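Close look at the chain arrangement
Here is what each chain is made of, one letter per residue.
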Amino acid sequence: MRTRLRVGLIFGGRSGEHEVSLVSARSVMDALDRSRYEVVPIGISRAGVWLVDGDPLARLEALLEQSPTEAPGPGESPARTALIPGLAGSVFPELDVVFPVLHGPFGEDGTIQGLFEMAGVAYVGAGVLASALCMDKISAKRVLQACGLPVVEFVELNRHRWQGGPEELLEQVERRLGYPCFVKPANLGSSVGISKAHDRDELGAALDLAAGYDRRLLIERAVDAREIEISVLGNDEPQASVPGEIVPCREFYDYEAKYVDDRSELLIPAPLPEALIKELRVLAIQAYRALDVAGMARVDFLLDRQSGRAFLNELNTIPGFTPISMYPKLWEASGLAYSRLLDRLIELAQERFAERQQDRVRR
Ligand SMILES: Nc1ncnc2c1ncn2[C@@H]1O[C@H](COP(=O)(O)OP(=O)(O)O)[C@@H](O)[C@H]1O
Ligand SMILES: [Mg+2]
């Protein structure tokens, strides 16, 4: 009998966050306790091809260095690669747990979680529904709102409507939200396609930009806010970490501020009064439960500087795992070291898998 758990680490992927995923995966790979785990690396290229032989992480890192901006060509439809069903049939049964270190679409949005469910393998993190809900900013806000949790006022629309009657829509948004406002594609991450609009011209341009990324679009009132984040860990009894604060070096925490300009600051713990910290930790767990998240999520808040009110901005079900990422750093500051955090996530994956076996009708 094997004494070590066999953990499939999946990284790379088709999203714009491919590169961040490789950095996260490298650090998870280095920190996994080899006396407890045998690690099976599984890479997914930017074109969606799965790599299992040799050293997939080194191969993807080298590919990225050669061509940092390569995107899948028009004919390379990953859905057609026969490799995916083959893998699910041949590699997954050999694994005790899979750990997707993938961010954004096709990794954090429930699609690959669906593959794990169908393959009958235990996996780290949220299930299909919670992953999909948290990836879609509109759906997540609707659920949070229905549960009585605070979210910033918003208007939703789809590309078809935007392309059909722009003037009337712009007026409606102005009436309901005013300026400045934030325009976002509902389903991306890393601030891609997000803009802050200060007048009607900018709003139109922002909607055109966002509509290039997604058919579902979200417009929100801009809050003059401090950005506070809390790490949550657990299945049925989730725990919340100390809060952290992001101090962006630009007008908002856009793509440049996240990955290019390194002058943004992380304050851990966030300098906040004790009573507010308590309130935010309760809200983080309520949001986690409302969206039925399992394993982990980083819960992001906007804390209004004027009113002092806290709004839930978004939940990230596979947050960054690089050595400087907020999710593991907040746990470190709460007394849980990086590699113990990984142990706990793997345990939670097994617990959730076992819990699901109690269903009368096996799924
Ligand atoms: N309603 C808002 N008011 C003020 N700032 C916002 C608002 N929405 C987003 N932002 C800013 O834009 C950044 C990215 O938005 P977010 O919704 O978190 O998208 P992503 O999933 O790409 O991180 C936030 O970190 C924050 O700086
Ligand atoms: Mg964000």
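Residues numbered from 1 in each chain as written. Chains lettered and ligands numbered in written order. Predicted model: local features only at pLDDT ≥ 70, side-chain atom pairs only at ≥ 80, totals over all residues.

1. Thoughts on helix α4 (residues 111-119)
- For α4, the full list of buried residues reads Ile112, Gln113 and Phe116. Viewed end-on, α4 has its buried residues packed into an arc of 105°, placing them on one side of the element.
- Against β4 (97-101), β5 (122-123) and α5 (128-135) lie the buried residues of α4.
- At the C-terminal side of α4, Gly120 shows a positive phi close to 70°. (Buried ≥ 20, exposed ≤ 12 C-beta atoms within 10 Å, placed from the backbone. Helix = DSSP H or I, 4+ residues; strand = E, 2+ residues; numbered from the N terminus. Arc of directions from axis to C-beta. Contact = placed C-beta atoms within 7 Å.)

2. Topic: the domain arrangement of the protein
- By the assigned domains, the protein splits into domain 1 (5-123), domain 2 (135-150 + 224-350) and domain 3 (154-221).
- Its C-alpha centre places domain 1 at a distance of 24 Å from the equivalent point of domain 2.
- Listed by partner, the interface residues are 22 residues for domain 1 and 14 residues for domain 2.
- Those elements giving two or more residues to the side of domain 1 that touches domain 2 turn out to be β1 (5-12), α1 (18-31), β4 and β5.
- Looking at the side of domain 1 that touches domain 2, the element that brings in the most residues is α1, giving six residues. (Domains from an automatic or database assignment.)

3. Concerning unusual backbone geometry
- Residues Tyr179 and Pro180 are joined by a peptide bond in cis, for which omega reads -10°.
- Following Ile268, the chain continues to Pro269 via a peptide bond in cis, the omega torsion being -5°.
- For Pro269, the location among the structural elements is in the loop between β12 (265-267) and α11 (274-290).
- One non-glycine residue, Phe106, lies in the positive phi region at around 65°.
- Mapped onto the elements, Phe106 comes out in the loop between β4 and α4.
- Its 16 C-beta neighbours within 10 Å are what place Phe106 among the partly exposed residues.

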